Amino acid sequence: MTGRSADGGGGLRRAGRALRPVGRAAVLTAAATAVVFTATELLPGDAGELRTTGRASAADIAAERDRLGLDRPAVVRYADWLYGLVRGDLGRSLTSDRPVAALFAERLPATAVLVAAALAGTVLLTVTALAVTCLRGGRGGSAATGLAAVPQPVYAAVLGAVLAGLLGWLPAVSLLPPGGSPLADPRVLVLPALTLALPSAAFATALLRGALGDALRRPHVTDARLRGLPAPLVLHRHVLPFLYAPALQVTALLAGGLVAGTALAETLFGYPGTGQLLVSAVAVRDVPVIQAAALLPAAVLLLGMLLADLAARRTTTPDPTRTLVPGRTGRTA
């Protein structure tokens, strides 16, 4: 009876540990909605004022704010917004009166393709940089910290000037209509994707250099190198398993950052995605659109971190105390 109780208690503890990331993600999501709503409240002016300024009296402005529901208490509007989110209703645009979900359905595919291309480029550049650092025994890679500090507009300006202006290889702007597919002309993806990928890869390399250095200093890695195993084999078999968990977490962080970074890249290159939609919505204080666009990167980040956390818990870290058996086979004991 005691054994069964102990087993049951262990099962409950394991279930509790498994559900802990889910609960943390739920709390952080609620906090993200509060931050987004507060940020929109702090914007100067509102849609009612901007739409009537200079051509209406104070009474007309008040009537317009009442029509748009902007005169209600902030707590009531926040509660209504949360209730709509739970039901999958993002509200209606204050300027076009179209459902916000329809506006996002029109532009989200273009942003998803851009983020996917940028994330693929980020992963490729990061893996290349870390592989070079590994082959050099952990030396080098410090330039990544400096490159990560370069503002995104600088990357956009340099890439546009060289690839579009000087060489003429790429279009300076996308010229895609809203809802158009960038896959029809993949060249329009290159400049915004590189603008997002280059600083993200530098940031990821700077974050993972520490974990890579720790892995390279482990005794079993040093032993494998002293025994003459090829460097690619040492990297694949003895170093990468220690990078899986931090790499998953960094990838989740980058995914949210890339979605948030699309606003600048899409605006600079005329790319019709959700980032450009956010910028135009801020200009006219279209609060429902702003809230949905601002919540999107937070949701992607939190979902990615949750999946990374759950995956990391299932990732088995190899036993570093296992040593190589002498011989050519490289088997472990």
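Look up a bit, the structure's there.
Predicted model only: the values in this text are computed from it and were never measured. All residue numbers here refer to positions counted from 1 along the written sequence of the relevant chain. Whole-chain, interface and lining totals are the exception, using all residues; otherwise, since this is a predicted model, local features are given only for residues with pLDDT of at least 70 and side-chain atom pairs are given and counted only at 80 or more. By convention in this description, side-chain values take in all heavy atoms of the structure and omit both hydrogens and water.

**Q** Can you walk me through the packing of aromatic side chains in this structure?
**A** What characterises a pair of aromatic rings is the spacing of the ring centres plus the angle enclosed by the ring planes. When two rings of Phe, Tyr or Trp (its six-membered ring) have centres within 6.5 Å they constitute a pair, described as stacked for plane angles under 30 degrees, edge-to-face for angles over 60, and tilted for the intermediate range. Counted by the stated rule, this structure contains three aromatic pairs. Ring geometry for Phe 37 versus Tyr 78: centroids 5.2 Å apart, planes at 50°, classification tilted. You can see Phe 37 sitting in helix α1 (residues 2-41) and its partner Tyr 78 sitting in helix α4 (residues 74-86), a full 41 residues away along the chain. For every residue, the accessible area (1.4 Å probe, protein chains only) is compared with the maximum for its type, and the residue is labelled buried under 20%, exposed over 50%, or partly exposed between those bounds. The exposure class assigned to Phe 37 is buried, which follows from its relative accessible area of 7%. When the centroid spacing of 6.4 Å and the interplanar angle of 50° are considered together, the rings of Tyr 78 and Trp 81 count as tilted. Taken together, the positions of Tyr 78 and Trp 81, both in helix α4 and three residues apart, correspond to about one turn of that helix. Joined through ring pairs, the aromatic side chains of Phe 37, Tyr 78 and Trp 81 make up one cluster. Helix numbers and strand numbers start at the N terminus; a helix is a DSSP run of H or I with at least 4 residues, a strand a run of E with at least 2.

**Q** Please explain the pattern of salt bridges as it appears in this structure.
**A** The term salt bridge refers to a side-chain nitrogen of Lys or Arg lying within 4 Å of a carboxyl oxygen of Asp or Glu. All told, the structure shown has five salt bridges when counted by the stated rule. Note that Asp 89 is salt-bridged to Arg 87, the shortest N-O span being 3.8 Å. A residue is classified by how much of its surface remains accessible, and Asp 89, at 36% relative accessible area, is partly exposed.

**Q** What's the story with the packing of helix α7 (residues 152-166) against helix α8 (residues 187-216) in this structure? I'm lost.
**A** Helix packing for two helices is described by the angle between their axes and how far apart those axes are. Note on method: axes are straight lines fitted to C-alpha atoms, helices fitted across the in-contact stretch only, with angles between N-to-C directions ranging 0 to 180 degrees. Where α7 meets α8, the closest approach of the two axes is 9 Å, and the angle between their N-to-C directions is 135°. The pairing of α7 with α8 is recorded here as oblique in orientation. Crossing of α7 against α8: the hand is right-handed. Side by side, α7 and α8 meet where Gln 152, Tyr 155, Ala 156, Leu 159, Gly 160, Leu 163 and Ala 164 of the first sit next to Leu 191, Leu 194, Thr 195, Leu 196, Leu 198 and Pro 199 of the second. For the contact of α7 with α8, the residue count by class is 10 nonpolar, three polar and no charged. Small angles under 35 degrees read as roughly parallel and large ones over 145 as roughly antiparallel, with 65 to 115 read as roughly perpendicular and the rest as oblique. Handedness of a crossing follows from how the near helix is turned relative to the far one, being left-handed for an anticlockwise turn of less than a right angle and right-handed for a clockwise one. Two residues qualify as a contact provided that any one of their heavy atoms is within 4.5 Å of a heavy atom in the partner residue. The nonpolar class holds Ala, Val, Leu, Ile, Met, Phe, Trp, Tyr, Cys and Pro. Asp, Glu, Lys and Arg form the charged class, and all remaining residues, Gly among them, are polar.

**Q** Help me understand the nonpolar core in this model?
**A** Generally speaking, nonpolar side chains in soluble globular proteins are found buried as a group. Counting residues in each nonpolar core, the largest one holds 17 residues, and the members touching the most others are Cys 134, Leu 212, Leu 216, Val 221, Val 234, Val 239 and Val 250. Taken together, the elements giving at least two residues each to this core come down to α5 (100-135), α8, α9 (219-226), α10 (231-239) and α11 (244-268). Side-chain atoms within 4.5 Å link the members of a nonpolar core, which is a set of buried Ala, Val, Leu, Ile, Met, Phe, Trp, Tyr and Cys residues.

**Q** Is there a simple way to think about the layout of surface pockets in this case?
**A** A probe matching the size of a water molecule, rolled over the atoms, marks out where space remains unfilled. Estimated volume of the largest pocket: approximately 530 Å³. For the largest pocket, the lining is made up of 25 residues, of which Arg 72, Gly 91, Arg 92, Leu 94 and Pro 288 are closest to its centre. Every element with two or more residues in the lining of the largest pocket is listed here: α3 (58-68), α4 and α13 (287-314). Take the lining of the largest pocket: its biggest share by element is five residues, from α4. By residue class, the composition of the lining of the largest pocket is nine nonpolar, seven polar and nine charged. Of the grid points, spaced at 1 Å and generated over the protein atoms alone, those admitting a 1.4 Å probe that cannot get out make up cavities, while open sets with protein on both sides within 12 Å along at least five of seven lines make up pockets; any residue with an atom within 4 Å of a point is treated as lining. Grid points are joined across faces, edges and corners, and a volume is the space filled by probe spheres set on the points. Approximately 350 Å³ is the volume attributed to the second largest pocket. Listed by contribution, the elements that provide at least two residues to the lining of the second largest pocket are α5, α8 and α11. Split by residue class, the lining of the second largest pocket holds 15 nonpolar, three polar and no charged.

The values are spatial; any link to function lies outside them.
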